[in-house]
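# Secondary and tertiary structure notes
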Amino acid sequence: MSVAEEKFSAKFEEAASKPKHRGAFYQEDATEKGMALVEAKFKDMKLYWLVDVGESRVYSAKFFAYGGKVSVGICEQLCAMVKGLTLDEACSLLGADVERALRDDPDEPAVPESKKTAFGNVPELLKIIKEKFPEAQAVAQASTSIKDSGAGKPKSARELTMQEQAWMDLDEADQIKQVDLVLDEKVRPALMADGGNIQVMEVVDGERVLVQYQGACGSCGSSLGATLSFIERTLRQELYGDLQVVPNM
């Protein structure tokens, strides 16, 4: 295969190398915002959408992709495209729509011919999203009723605000120390047992934790999937509910 045939568009390279939507939403995220959480997994791609129940409109979208560069680029662009659309509008998108959005030149494909089949995952994912939405909508409505009644509410709004403010009042050096303390206790022992580790590079705006996997973790496929999801969920529970963990690729 020639070098020209292996060419990816600059837009695709940007989406694949610097994804802004990688991560996950959890039910507590959806409940806090009064949204429905809809998840869909097909092959090596998994989507997490927060959908406004009243308007059936996509509020935000995140993803995990386990198949490397092509899967990451496709999921990143899809998540960017669906935000603000109604569920029907979002679920009517085709793989070809995503591919065209990633082109630099309307007449030049965004990916090599051999990689185009991966875009076929898009309609399959969206089909699952549409099928799961009614159930997610019902869960959201039930959660809203419970929240409004005050039942099962672990903290008052005032307490939650104080906790968040305490985190945001720390400077970056202290935020990194707090992250390291949680990682030392709950994450690093398991990673080190498998010959890996994780280094905190920086904390951006109090919400994005940039990390570097080390040792065996750098080549492990789960470092972008289950492991990353566990780390993000743990830091959210222990430190700040909107933290996003971003691996340095």
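Each remark here, short or long, concerns the structure printed above.
Presented here is a report on the structure given in the accompanying data block. (Residues numbered from 1 in each chain as written. Predicted model: local features only at pLDDT ≥ 70, side-chain atom pairs only at ≥ 80, totals over all residues. Heavy atoms only, no water.)

## A word on the pairing of strand β2 (residues 45–52)
In the case of a regular strand, side chains alternate between the two sheet surfaces. Of all eight residues in β2, seven are buried, a share of seventy percent or more. As defined by bridge partners, strand β1 (residues 35–42) adjoins β2 across eight bridges and the pair is classed as antiparallel. Of the residues in β2, the one forming a bridge with Met-35 is Asp-52. Joining the antiparallel neighbours β1 and β2 is a turn of two residues, in which Lys-43 adopts a positive phi near 55°. Where β2 lies against strand β3 (residues 57–65), eight bridges are found, and the strand directions are antiparallel. Directly across from Trp-49, in β3, lies its bridge partner Ala-61. Between the end of β2 and the start of β3, which pair antiparallel, lie four residues, with Ser-56 showing a positive phi angle near 50°. (Buried < 20%, exposed > 50% of the residue type's maximum accessible area, 1.4 Å probe, protein only. Helix = DSSP H or I, 4+ residues; strand = E, 2+ residues; numbered from the N terminus. Pairing = 2+ DSSP bridges.)

## Focus: the sheet that holds strand β5 (residues 208–215)
Across a sheet, strands are paired by hydrogen bonds formed along the backbone, either parallel or antiparallel in direction. The three strands lie next to each other as β4-β5-β6, forming an open sheet whose pairing is mixed. With partners counted over all chains shown, the strands left at the sheet margins are β4 (196–204) and β6 (244–247), one partner each. Between one strand axis and the next, the sheet turns by 35° as a mean value, whatever way the strands run. With four bridges joining them, β5 and β6 adopt parallel strand pairing. From the neighbouring strand, Val-209 faces β6, where its bridge partner is Val-245. Across the sheet, helix α8 (residues 172–186) is in contact with β4 and β5; its angle to β4 comes to roughly 155°. Relative to the sheet, helix α10 (residues 226–238) contacts β4, β5 and β6, its axis offset from that of β6 by approximately 145°. (Axes fitted to C-alpha atoms, helices over the stretch in contact; angles between N-to-C directions. Contact = heavy atoms within 4.5 Å.)

## Remarks on the pattern of salt bridges
Enumeration according to the criterion identifies 14 salt bridges in this entry. One salt bridge in this structure joins Arg-100 and Asp-97, with 2.7 Å as the shortest N-O distance. Of the two residues, Arg-100 and Asp-97 are both situated in helix α5 (residues 95–101); the distance of three residues between them amounts to about one turn of the helix. Residue Arg-100 is classed as partly exposed on the basis of its relative accessible area, which comes to 47%. Among the ionic contacts, a cluster of salt bridges with common partners joins Asp-29, Glu-232 and Arg-236. (Salt bridge = Lys/Arg side-chain N within 4 Å of Asp/Glu carboxyl O.)

## Considering the layout of surface pockets
One number sums up the size of the second largest pocket: a volume of about 390 Å³. In terms of lining, the second largest pocket is formed by 19 residues, of which the most central are Phe-25, Lys-62, Glu-207, Asp-242 and Gln-244. For the lining of the second largest pocket, the secondary structure elements donating two or more residues are α2 (27–33) and β3. For the lining of the second largest pocket, the leading source of residues is β3, giving four residues. Within the lining of the second largest pocket, the residues separate by chemical class into five nonpolar, four polar and 10 charged. (1 Å grid on protein atoms, 1.4 Å probe; cavity = no way out; pocket = protein on both sides within 12 Å on 5 of 7 lines; lining within 4 Å. Points joined across faces, edges and corners; volume = space filled by probe spheres on them. Nonpolar A, V, L, I, M, F, W, Y, C, P; charged D, E, K, R; others polar.)

Purely geometric stuff here, so don't read any function into it on its own.
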